[in-house]
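# Architecture and fold: a report
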Amino acid sequence: MEAVEPETGERQTDAASKGQAAIKPEFLTTKEKFHEFLDAELQEVESSEKDQTDEIQEPQHKKPKHDLQEKSRAEGQRLRGQNKSRPHVKPTTYEEKRLCLAVLQNRDCAFGQKCYFLHDVGEYMRTKAADIGDSCYLYDTFGKCGYGLSCRFAKAHTTADFQTMEDGELMKTKEGRTTVKNALSKELQNRLRKRKVVFTKSEEYLKSLSKSKDKTDGGGKDVCSTKEPGDAVEERPTPEESQAQRMSGPDERPLVKTVGPLTDADVIKLRPCEKKKVDFRDKLYLAPLTTCGNLPFRRVCKRFGADITCGEMAVCTNLLQGQQSEWALLKRHESEDLFGVQVEGCFPDTMTKCAELINQNTEVDFVDINSGCPIDLIYKKGGGCGLMARTRKLEQIIKGMHHVLDVPLTVKIRTGVQEKSNVAHKLIPEMKGWGVSLITLHGRSREQRYTKLADWDYIGACAELARPVPLFGNGDILSYEDAVRAKQTGVSGIMIARGALIKPWIFTEIKESRHWDISSSERLDVLRDFTNFGLEHWGSDTRGVEKTRSFLLEWLSFMCRYVPVGLLERVPQKINERPPYYMGRNYLETLMASQNVGDWVKISEMLLGPVPNNFNFLPKHKANAYK
């Protein structure tokens, strides 16, 4: 034993210095042996299934791309960074002939012979891709599958004469139940597109903001000259318009002298004590995650114990334009008991109107302002982290949104823009007086991204400055031990982002104060739950299946970084430690450890069937792409 302990310590030191997780030596392997093992198992599976079906086509790009990667590394080139401008493949391209929606709903098609889609059920069934499984999750859960014959599990609820079956008893138990809220109605979408939505409170605030600018400028100076570059130019009213405004008043009503009690026509503003209050303290907050933080993933995290969930970042101008894809980010599942939405913008008028629109048409518990997004697309136009350098605009946005909202307003920020120039400690005392109910601080700057560890000492100092407003810390939480150390800094709670993507059961670990050595079969069950939720959310037809697959592959690009607890030489795994090549305790555990996108596709085929012939997926990070 005395001879082994120094070697173990040396291995831990070497692994830590290389930024790798310390794995027990009996599980370590080389890259070549790792891929040989997976390829050998794959060949056995393919040979056993070759006589059963010819539809499963493994992606052919794995081997040549693997060889090209080896060649590029031999030449000294490293695959780093992101694959920007990734090709967007519409899920509709995976199905050549689609059945008309009117046929699925048993009604006459309004387009008649000019309809682009198929009306012949027999022809559609002959050309339709093979079913994925024998049971349909939607039919088993709700008693009816709304996708009918187009469902990729249609044989579970289709008769011999192509009629869709229904389970009446199960449907009665679900009657009148709304599982997903905050959907965009056609009526509201049309009003937004025609700009017929009235923003009473927002106009009231913007008028007061305009008056305060006039006073600041002394009345004689042009207001437009004080605007920052990129601001919208405010047109000054003509003398005739000014006369009409004085005659009609600010609310476009005739000046009538009223006596007595308030009437319904009077504008009654809620007092601060009457607004909805939320107790955020000591809760686990699942961060709003772009792409991966979708509704099915949030449902998975809720099952594991997440207390607060938030929708993906939505751009305020897209919401005001009534874009269906942007409004989909606001959808809320019934299991999300404490749910908020996050919006991004850079001007007080659009952000205030967006907040009023959300307040009137959705059911949310809070609204979050994204003042921490580091990506260039958002930052260069003044949003995200750019707001931290535009404090005057940030103040106007926060005060305006607080004025129109009946729910708490929260803000997510970073330490600053530049790496060695923190500004969060200067902003936080000011934000307390602007109407913020919660501040979330990510312990990194925009320039730093993820190159260094989060500064929790700085987060703790900011938590002191924020009192009595609760402040949540965010950064590098991957185990309950990390969560305990984070809470010791004095924060009111913690937000978890990448840690939840790598292992969503982290919420259970934190609440139960233990390390969960979850098996590969249990992890596959978690992925199966996600795919079922995805089929419910995006649909069980070919279009929905492939959309679910794309989001599953995006998630697997993070989940493959997880190292099972039973394989670790030192517990717990740190979030900045990447796993070396290792053999799992079984084939599935080894497959889940692969960084190769081709192996992620294999996992998706276990749950969603074989990929289409023209299937293509380019991972976000170049390190996972073989080219």
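All figures in this text were calculated on a predicted structure; none of them were measured in a lab. (Residues numbered from 1 in each chain as written. Predicted model: local features only at pLDDT ≥ 70, side-chain atom pairs only at ≥ 80, totals over all residues. Heavy atoms only, no water.)

### What to know about the overall build of the protein
The criterion, for reference: Numbered from the N terminus, helices here are DSSP runs of H or I no shorter than four residues, and strands are runs of E no shorter than two. We call a residue buried when its accessible area falls under 20% of the maximum for its residue type, exposed when it is over 50%, and partly exposed in between, using a 1.4 Å probe and counting protein chains only. Only heavy atoms matter for contacts: two residues are in contact if any of them lie within 4.5 Å across the pair.
From N to C terminus, the protein includes 25 helices and eleven strands. In the protein, which comprises 627 residues, the proportion classed as buried is 49%. A separation threshold of at least 6 residues defines the contact pool for the protein, and within that pool the share at least 24 residues apart is 71%.

### Some words on the packing of aromatic side chains
Threshold: Aromatic contacts are taken between Phe, Tyr and Trp rings whose centres are within 6.5 Å, Trp giving its six-membered ring; a plane angle under 30 degrees counts as stacked, one over 60 as edge-to-face, and the others as tilted.
Inspection of the entire model under this criterion finds twelve aromatic pairs. Arranged with centres 6.0 Å apart and planes meeting at 35°, the rings of Tyr94 and Phe615 form a pair that is tilted. On the criterion of sequence distance, the pair formed by Tyr94 in the loop between helix 3 (62-74) and helix 4 (101-104) and Phe615 in the segment after helix 25 (597-608) is long-range, its members being 521 residues apart. For the ring pair Phe280 and Phe366, a centre distance of 5.6 Å and an interplane angle of 80° mean the geometry is edge-to-face. Residue Phe280 is found in the loop between helix 10 (239-248) and strand 2 (284-286), and its partner Phe366 is found in strand 7 (residues 366-371); the two are separated by 86 residues along the sequence. Phe366 shares its class with Phe280; the two are buried.

### Observations regarding helix 22 (residues 520-538)
This is how it is decided: Given a helix with a known number of residues, its expected span is that number minus one, times 1.5 Å.
Along its 19 residues, helix 22 runs 26 Å from first to last C-alpha, staying within 8% of the 27 Å computed at 1.5 Å per residue. A positive backbone phi angle near 115° is found at Gly539, which sits one or two residues after helix 22.

### Observations regarding unusual backbone geometry
Note that the residue after Arg467, namely Pro468, is joined by a cis bond; omega there is 10°. Mapped onto the fold, Pro468 is located in the loop between helix 18 (456-466) and strand 10 (471-474). Between Val571 and the following residue, Pro572, the backbone shows a cis peptide bond with an omega angle of 5°. Relative to the elements of secondary structure, Pro572 occurs in the loop between helix 23 (542-559) and helix 24 (587-592). In this model, Asp282 sits at a positive phi of 60°, which is unusual for a non-glycine residue.

### Quick look at the pattern of salt bridges
For clarity, the threshold we go by: Note on definitions: salt bridges are taken to be side-chain nitrogens of Lys or Arg within 4 Å of carboxyl oxygens of Asp or Glu.
By the definition in use, this model includes 33 salt bridges. The residue Asp307 makes a salt bridge to Lys511 at a minimum N-O spacing of 2.8 Å. Pair noted here: Asp307 is in the loop between helix 11 (295-303) and strand 3 (309-310) and Lys511 is in helix 21 (residues 506-512), with a separation of 204 residues, a long-range link. The exposure class assigned to Lys511 is partly exposed, which follows from its relative accessible area of 47%. Put simply, Asp476 and Arg498 hold a salt bridge, and the shortest N to O gap is 3.3 Å. Placement of Asp476 in the loop between strand 10 and helix 19 (480-487) and of Arg498 in helix 20 (residues 498-502) is noted, with a sequence separation of 22 residues between them. As far as burial versus exposure is concerned, Asp476 and Arg498 are alike and both buried. Within the structure, one salt-bridge network assembled from shared partners comprises Lys276, Arg332 and Asp365.

### Here we look at the environment of Leu441
By secondary structure assignment, the location of Leu441 is in strand 9 (residues 438-442). It is 8.8 Å that separates the C-alpha atoms of Leu441 and Gly475, two residues lying 34 residues apart in sequence. Aside from chain neighbours lying at most four places away, what touches Leu441 is Ile413, Arg414, Thr415, Ala424, Tyr458, Ile459, Cys462, Leu471, Phe472, Gly473 and Asn474.

### A few points about the pairing of strand 11 (residues 493-496)
Rules: Seen with its strands pointing away from the viewer, a crossover is right-handed when the path leading from the first strand over the helix to the second is clockwise.
Every second residue of strand 11 is oriented toward a common face, with Gly493 and Met495 on one face and Ile494 and Ile496 on the other, all of them buried. Between the parallel elements strand 10 and strand 11, the chain passes through helix 19 in a crossover that is right-handed.

### Description of the packing of helix 11 against helix 22
Here is the rule we go by: Comment: axis = line fitted to C-alpha atoms, over the contacting stretch for helices; angle = value between 0 and 180 degrees taken between N-to-C directions. Here the word oblique covers every angle except those under 35 degrees (roughly parallel), over 145 (roughly antiparallel) and from 65 to 115 (roughly perpendicular). Crossing handedness follows the turn of the near helix against the far one: under a right angle anticlockwise gives a left-handed crossing, and clockwise gives a right-handed one. Classification used: nonpolar for Ala, Val, Leu, Ile, Met, Phe, Trp, Tyr, Cys and Pro, charged for Asp, Glu, Lys and Arg, polar for all others including Gly.
Running from N to C, helix 11 and helix 22 cross one another at 135°; their axes reach a closest spacing of 8 Å. In terms of axis orientation, helix 11 runs oblique to helix 22. Where helix 11 crosses over helix 22, the handedness of that crossing is right-handed. Only Val526, Asp529, Phe530, Phe533, Gly534, Glu536, His537 and Trp538 of helix 22 make contact with helix 11, whose side of the interface consists of Leu295, Pro296, Phe297, Arg299, Val300 and Arg303. The class makeup of the residues in the contact of helix 11 with helix 22 is eight nonpolar, two polar and four charged.

In short, shape yes, function no, at least from these values alone.
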